[in-house]
Structures are given as C-alpha cells and as structure tokens.
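# Examining the three-dimensional arrangement
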Amino acid sequence: MSEVVTYNREGSVGVITVSYPPVNALSHEVRSGLVAALEQGQKDSDAQVLLLVCEGRTFIAGADIREFGKPMQEPGLAAVVNQYESSDKPIVAAIHGTALGGGLETALGCDYRVALSSARVGLPEVKLGLLPGAGGTQRLPRLTGSKKALEMITTGEFVSADDALAAGIIDSVDQGGDIRAIGLAFADRVAKEQRGPRRVRDLDDRIAAEKGSQIFDEFRAALKKKSPNLFAPFKCVDAVEAATQLPFEQGLKRERELFSECMDSPQRAGLVHAFFAEREASKVPGLSRETPVRDVSSVGIIGAGTMGGGIAMNFANAGIAVFLLEQKQEALDKGLAVIRRNYESTAKKGRISQDDVEERMALIRPTLSYDDFADVDLVIEAVFEDMGVKKQIFGQLDAVCKPGAILASNTSTLDIDEIASATKRPEDVVGMHFFSPANVMKLLENVRGSKTSDEVKATVMSLAKRIGKVGVMVGNCYGFVGNRMLHRRGAEATALVNEGATPQQVDKVLTGLGFPMGQFAMSDLAGIDVGYRIRQERRKAGESIPPNWMDKLAEEGRLGQKTQAGVYKYEEGSRKPVPDPAVDAMIEEFRQEQGIAPRSISDDEILERCMYVMINEGAKILEEGIANRALDIDVVWIYGYGFPSYRGGPMFWADQVGLDKILTSIRNFQATVGGDQWQPSALLERLVKEGKSFASLNRT
Ligand code: 3H9
C-alpha cells in the first residue's frame, strides 16, 4: 500500500487521501498510489461514491516538475486521469489551497468538484513552457467554452473558487471549514440522491458549436503581438482548437503530441530552471533556516523621488506603515502626488478598489523630521548616489534610530561597508537594492556588508517575500551582481557603436534575444546623465575610461526620455524610441575626432560581445563569491533586467551555448579588442578544462 495515497471508507464514501508534502505534486509514487487507491475503492462494495481529498496546505499543485527531462515512469498522468474518469462509481474532488496543472486535470477527471472559497484553480503549464498534458486542453473547454479555457491556458493565471464556480469548473463552493468534512457531506449527498457518473468528456454541446470559430485565430494574432518569441502559448491554442475539431480520444492524442513538442523545447528547460532558481535563491547558503527574523511593522524611507516613492508603495501594498522623509515640503508633496497618481491609475484598470487606494495612502505618512524614525524597525535610504551624502545620513540614523533597527541603503553601486562605517552598528547595516520602477520590478538585490549580522540578512530576505519581491543575497562590490554586469555590457555596446555599429542595430540584436528593450533604449529610460555622472566620477578618481559618443549626448542635454531626446528621440507623451539622424551625425563627428574609420559589424559580433562580456563578468562574480551560485545571477537578471525567462537567465543560457565556445570567443576578443573586461575568468577557464557547466556550481 502506498504511503502517500491512502484509502479508507467513511459510511458509504470511499476516501482517497493524498499526502505528499509540500504541495502534493504528482510524483511517480503519487500517480501509482492514486491508481491503487482507485482500484481499492472500486472493489469496496460498501463504497457507493469516492472522494479525492488532500492533506496539508493544498490540493494537488501539479505534475512533479522535478521529474521533467527524466524518463517517464508508468503510469503516466493522462492514463491515471482517464482511469478516474472511467470509474463506475462517481468521484468527488474536494479542493483547498490550489488545484493547479495536473492537479486540476485530475479534478477534471472526477465527476464533481467542490472547493473552499479560498481555493484557486489554474492550468499554469504555459509558464513552464508546456501545455496541460493530461487532458486539460480537452476537458476544460467542455466545461467553460473555448474562450475562458483559452484565457486560462494561454496565460496560466489562476482563478478564484467563485470565478471557477461561475465558469462551470466547480460545482459547489463552501465559505470555510474542514475540506474533508465538506467533501464527505457532498459525496454523501451524491450517494443519497443516487447520482451516477457525470463525465466531462461526454459534454460536447458547447465545443461542438465552436468548431471553425474565429476565436482561435484571434488568440493567435493577440499572442503574436504580446509574446511572439514564446513557443508554448501557440501550442496551447492548437490543443484547445483540436478539442472543437476532433472526437475526445483523438483530441487527447493531439494534445499528447503537442505536449511532447513543448517538453522537448529549450524554452521548457529554461522556464523550469527559472522556476526552481527563484525558489532556491531564497535559501542563502551558510544562513541557517533557523536564524531569527526581526519583526518589521514600520519603515522609514529617505527620499520621495521615483525610487523612494516606489519603495514606499511596496510596503504600503503589504499593509506595512511607512514614514516618507524629504528635506523640503515641496518635494514631499510632489512625491506623494506621484504615488497617488500611480495608485489611481491601478484602480482605474480595476486591479485595486478606491478603498484600497485610500487605505494605502493612509499608510504612507510624510515627514520632514528624522525624529519620526526613532521607533521604526527599518529605514531605507533612497537618495542620489553620493558617498558623502549617504555617510552623513547614516550618521544621523545612528543617532536617531532605536537599537535593533535595520539601516538599509538602496545604493545601486556604492560600498556598503563604507556606508556602514558612518555608524556604530555596522552589523545592522545592509543594502536593499530595488529596481526601477520599484513598485513593479520583482527583484530585490539584498547586499551583505562584511559585518552585516545573520539576523539582518535573514530579515531582509524574508521581507522580500512579504512585499512580493524575489530576494537574492549578494556580496559587496562595485555594482553588486546586476549593475556590475550591466555596466560591462553598456561599455561594450557603446564601444561597438564607436567602431561602426548603430545604436538601433545593437538594440535589435538584444531584443532579438528576448530582452524587452535594448541597451540604448534602456539608457534613455534610466537617464543618460546617470551613466555619464558615474563615468565622470570614475575618471576623476583616476580610472582610465576613454571618451565615447554617449558623453556628447549628456553634454548636449540629451538626457533620454525625460528630455524627449537621448540616444533616440521621443514624440510628446510617447515612450517609443525613434532613431534620430542628429545622433547619427554626433556619432560620426565623434569617430572623426577620434580618427576611427567605421567598419561594418555583424549581428553575431554584437551578440557575442554584449553577452559574453557579461558572462565573463558573471564568472568573475562567482569566483569572488559575490554571487553564491550561478542561479542567483540568473534570478537577478530575469527579475531585475527582463532577461527572457525562457532562456533561463544568462548563466543558464551560457551553459546551453557551451562554455568552451564562449571561452574561445573571449580569448579572441582579448586579442582583438583588448581591455580587462576580456581577461578570461579563471573560474570559466577551470570549468572548461574540467568539462563542467555553471549549473554544476548550483549543486551545493
Ligand atoms: C503539470 O502539471 C503538467 C501536466 O499538465 C501534464 C503532465 C503530463 N513539482 O512556490 P513555493 C515545490 S506542470 C515539484 O515556495 P508557495 C517548490 O519547489 C505543473 N515541486 O510555495 C518548493 O520547494 P522547496 C503545473 C513543486 O506556497 C515548495 O514546493 N503546476 C511543485 O509560494 C513550495 O513552493 C505548477 O506549475 C511542483 N509542481 O506556492 C504549479 N510546485 O520548498 C507550480 C511547488 O524545496 N507551483 N513545488 O523550495 C506553484 O505555483 C507554487 O509552488 C504554489 C505554492 C502556488 C503551488
């Protein structure tokens, strides 16, 4: 008898219970257990109705993703679901938590579905580069019609129990209570009323009417616009369309074929890597899970600009009170007005209510005085990048804040240890680097200083989760993980234009790889003055940073989107970059001043130089222990810079390209282009010599 799926009888109901923490995923053991328990239930002459219910925090949350890419062990899930659907005795699925993917498909193989009102259901396979492969694409449209099924399957979004009830996915919703008792009561009713099986596969009416409908082509056209590079969503549409065109058994066969195509695609491998990397990143090597976490119920934020305001919104969204500090009333008013405008626009889109807007605004209390920070549990400084100013602020915080308060800086490049040295409590000082726009971007790069305590590290990692961010713990160095790699790419992209490429060409290569925007469109968004100021500071400090054409733009006041002119020009009110002949002329002038004869540069060279320079830097970051694992770098890039998650992150992508190929090119660029950015990383050299991958470093 399986230990993870058990069978017992209560009155006239045979109960099949799954208990496989943490999320009752459909591992081989669970699938075999489900079949064995069903057979027992069929044989049990005293059981008139069967009930499928789960223990722990959730109903079945899907196939066991850890088994993907390995040979499938029988029974396959599709066969298990078919067996449930073929049962002579009606089966009731009782859902709590989330019924996802193969979990919902199993429930759809049952005859009736009841749920707690807090439950959610969904088919999120597409987010893993897949489609529902155990009948979901054939059964769901039979219940909901094709439109709702397409919406759910192509987006992977979950729906609430009430929405599922309205859509016909669930038969009954209970406000609260014990899911087992609720399921038993429903099953009892089915038994008493002598209701027989009610198989979803037999419900053909709705989809028969949809044969040949325009809706499938409409969905394809919308997907082409929204996510042209993705593979799985288009296959999802094909599979649902097949449900309207083919008899059930043949539809299942077609679904199987399309599922296999997705399973074999590199996008599936990248997305599954990204799924686990995100979860692994929250477990910091060397930091015990038992480390105490400090209570954070109030926060002070210094700076009500774009960054400070966005950070404040994150905390208010999570119900945490915020003091927002500025030096002048005018700046404070302006900052609060922007926050309100952001919330109002979210409310207009229907994503939050007007009451939510007021509640969140009420949680953000403006102040001009550091005295209000005396009792807060955490302060985040978000002023401009100037070490002198930051040290002065941290000195002041040290004097005002209570013992045990965490003092964090949102710096994107500066030395956390030097900032901490302005206080007498460096163990409480940490970096919390948010990404712009801070209320939208999911990444939170938490930066440990050399003296940051474990308790503070654990607290900022747990806070990330609480405010809906993906936290990654990184070490202290110039630019940390993300910006250190980005600046390398930026310098290389700029050099490529020095040599003869156009900014549009460089950006096109990067968007072609799947980035939402190219290097130069991004510079325009961030502000051309930001990079210029950093370069000037470094030049002042004696670093040899050669002049480039971007300096010219900054000096002429072309600061990016905010001045409607940067590397590109922008129409009034538009964020769409338009190539500008004036910039081409400035680039040409720069080349002439420097005596550069432009050459034609291939897209391949652009791709290799922009990406390999980042990979080489990433390897150095690993070598120095700034990132704990390659997967941490992947997560930083996916959630902070829009690296296409279907490529798994830059280090995962590098493994797919082949580290030996990358190292050969790096050596080639070292000889032809030169510069310390092309000095090969010792770690990369070692991995190539040993025939290993970056992924091999993830296994700790
Ligand atoms: C599928 O079903 C294919 C079928 O159509 C076809 C088959 C033929 N497998 O996220 P959390 C682990 S595709 C294995 O931190 P939460 C997770 O790694 C699947 N493990 O918790 C973590 O482990 P650890 C379709 C899984 O409460 C732990 O559980 N289903 C799986 O924030 C806790 O996870 C999905 O795509 C899994 N399926 O969120 C659902 N799921 O503690 C994916 C989770 O060692 N899962 N784990 O780090 C989720 O969306 C969320 O995990 C869930 C819980 C909402 C369930």
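The preceding data block contains the structure.
Summarised in this report is the structure supplied together with it. (Residues numbered from 1 in each chain as written. Predicted model: local features only at pLDDT ≥ 70, side-chain atom pairs only at ≥ 80, totals over all residues. Heavy atoms only, no water.)

### Let's talk about the site of the ligand
Around the ligand, the structure places 27 residues, and the nearest of them are R57, E105, E125, R279 and K283. Between a nitrogen atom of the ligand and a main-chain N or O atom of I65, the distance comes to 3.0 Å. Take G102: an N or O atom from its main chain is 2.8 Å from an oxygen atom of the ligand. Elements with a contribution of two residues or more to the shell around the ligand: β5 (98–100), α3 (102–108) and α12 (266–281). By residue number, the principal contributor to the shell around the ligand is α12, which donates three residues. Here the shell around the ligand is built from residues that sort into 15 nonpolar, five polar and seven charged. (Near = heavy atom within 4 Å. Polar contact = N/O pair within 3.5 Å; in protein donor to acceptor, adjacent residues only side chain to side chain. Helix = DSSP H or I, 4+ residues; strand = E, 2+ residues; numbered from the N terminus. Nonpolar A, V, L, I, M, F, W, Y, C, P; charged D, E, K, R; others polar.)

### A look at a positive patch on the surface
Side chains of R57, R279, R289 and K465 sit close together on the surface and give a patch of like positive charge. Residue placement: K465 occurs in helix α18 (residues 454–466). (Patch = residues over 30% accessible without salt bridge, like charges linked within 9 Å, V, L, I, M, F, W, Y side chains within 5 Å. Areas by Shrake-Rupley, 256 points an atom, 1.4 Å probe, with all protein chains shown as cover. Salt bridge = Lys/Arg side-chain N within 4 Å of Asp/Glu carboxyl O. Lys, Arg positive; Asp, Glu negative; His and termini not counted. Charge placed at Lys NZ, Arg CZ, Asp CG, Glu CD.)

### Section: the nonpolar core
Core analysis: the biggest nonpolar cluster contains 94 residues, and F373, L397, V506, W637 and F694 have the highest contact counts within it. Counting residues per element, this core draws most heavily on helix α25 (residues 603–623), which supplies 10 residues. Two domains each put at least three residues into this core: domain 2 (298–474) and domain 3 (516–598). Among all residues touching F694, those that are not within four sequence positions of it are I615, A619, L622, A630, M651, A654, D655, L659, L684 and L687. If you look at the next biggest cluster of nonpolar residues, it comprises 70 residues, including V5, V80, L128 and F276. (Core = buried A, V, L, I, M, F, W, Y, C linked by side-chain atoms within 4.5 Å. Buried < 20%, exposed > 50% of the residue type's maximum accessible area, 1.4 Å probe, protein only. Domains from an automatic or database assignment. Contact = heavy atoms within 4.5 Å.)

### Brief notes about the sheet that holds strand β13 (residues 378–381)
Backbone-to-backbone hydrogen bonds pair the strands of a sheet. The strands run either parallel or antiparallel. Taken together, eight strands build an open sheet; the order of strands is β12-β11-β10-β13-β14-β15-β16-β17 and the sheet is mixed. The outermost strands of the open sheet, each flanked by one partner alone, are β12 (364–367) and β17 (470–474). Neighbour-to-neighbour, the strand axes of this sheet turn through a mean angle of 25 degrees, independent of strand direction. In this structure, strand β16 (residues 443–448) lies alongside β17, joined through five bridges in parallel fashion. Looking across to β17, one finds that E445 is bridged to V472. Here helix α16 (residues 387–400) sits on the sheet and contacts β10 (298–302), β13, β14 (406–409) and β15 (429–434); the angle it forms with β14, its principal contact strand, is near 170 degrees. (Pairing = 2+ DSSP bridges. Axes fitted to C-alpha atoms, helices over the stretch in contact; angles between N-to-C directions.)

### Some thoughts on the packing of aromatic side chains
Applying the stated criterion to the full structure yields 10 aromatic pairs. Ring geometry for F275 against F276: centres 5.2 Å apart, planes inclined by 85 degrees, an arrangement best described as edge-to-face. Both rings, one in F435 and one in Y641, keep their centres 5.3 Å apart while their planes meet at 80 degrees; by these two values the pair is edge-to-face. One end of the pair, F435, is in the loop between β15 and β16; the other, Y641, is in helix α26 (residues 630–641), with 206 residues separating them in the sequence. According to the relative accessible area criterion, F435 is buried, its value standing at 6%. Linked through ring pairs, F435, F515, W637, Y641 and F643 together constitute an aromatic cluster. We note K127 situated over the ring of F158; from NZ or CZ to the ring centre the distance is 5.9 Å. The aromatic ring of F515 is capped on one face by R489, whose charged end is 4.9 Å from the ring centroid. (Phe/Tyr/Trp six-rings, centres within 6.5 Å; stacked < 30°, edge-to-face > 60°. Lys NZ or Arg CZ within 6 Å of the ring centre and 35° of its normal.)

### A word on the sheet that holds strand β3 (residues 49–54)
As summarised here, the arrangement of the six strands in space is β1-β2-β3-β4-β6-β9, forming an open sheet in which the pairing is mixed. With one partner strand each, in any of the chains shown, β1 (5–10) and β9 (172–174) form the two edges of the open sheet. In this sheet, neighbouring strand axes are inclined to one another by 20 degrees on average, regardless of whether the strands run parallel or antiparallel. Direction of pairing for strand β4 (residues 91–95) relative to strand β6 (residues 112–116): parallel, over a ladder of four bridges. If you follow A93 over to β6, its bridge partner there is R113. Each of β1, β2 (13–18), β3 and β4 touches helix α1 (residues 28–43); the most contacted strand, β1, lies at about 25 degrees to it. In this fold helix α7 (residues 179–192) packs onto β1, β2, β3, β4, β6 and β9, with an angle of close to 165 degrees to the strand it touches most, β3.

### Regarding the side chain of R609
With respect to the helices and strands, the residue R609 is situated in helix α25. Taking the relative accessible area as the measure of exposure, R609 reaches 0% and is therefore buried. A polar side-chain atom of R609 sits 2.9 Å from a polar atom in the side chain of E499. Not counting residues within four places of it along the chain, the set of residues in contact with R609 comprises E492, A495, L496, E499, R599, F669, V673 and W678.

### Description of the pattern of salt bridges
Following the criterion strictly, the structure yields 53 salt bridges and no others. R139 is the salt-bridge partner of E85, the closest N and O atoms lying 2.9 Å from each other. You can see E85 sitting in helix α2 (residues 77–85) and its partner R139 sitting in helix α4 (residues 136–144), a full 54 residues away along the chain. Per residue, the accessibility class of E85 equals that of R139, and both read buried. Linking R538 and E543 is a salt bridge whose minimum nitrogen-to-oxygen distance equals 2.9 Å. One network of salt bridges, in which partners are shared, links R484, R488, E617, E624 and D676.

### A look at the pairing of β2
Burial analysis of β2 places six of its six residues in the buried class, which makes it a mostly covered element. Burial of β2 is two-sided: the residues V13, V15 and T17 facing one way and the residues G14, I16 and V18 facing the other way are all buried. Connecting β1 to the antiparallel partner β2 that follows it, the hairpin turn spans two residues, and G11 within it adopts a positive phi of roughly 65 degrees. Where β2 lies against β3, six bridges are found, and the strand directions are parallel. When the bridges of β3 are listed, V15 appears paired with L51. Read from β2 through α1 to β3, the crossover connection turns out right-handed. (Right-handed = clockwise from strand over helix to strand, strands pointing away.)

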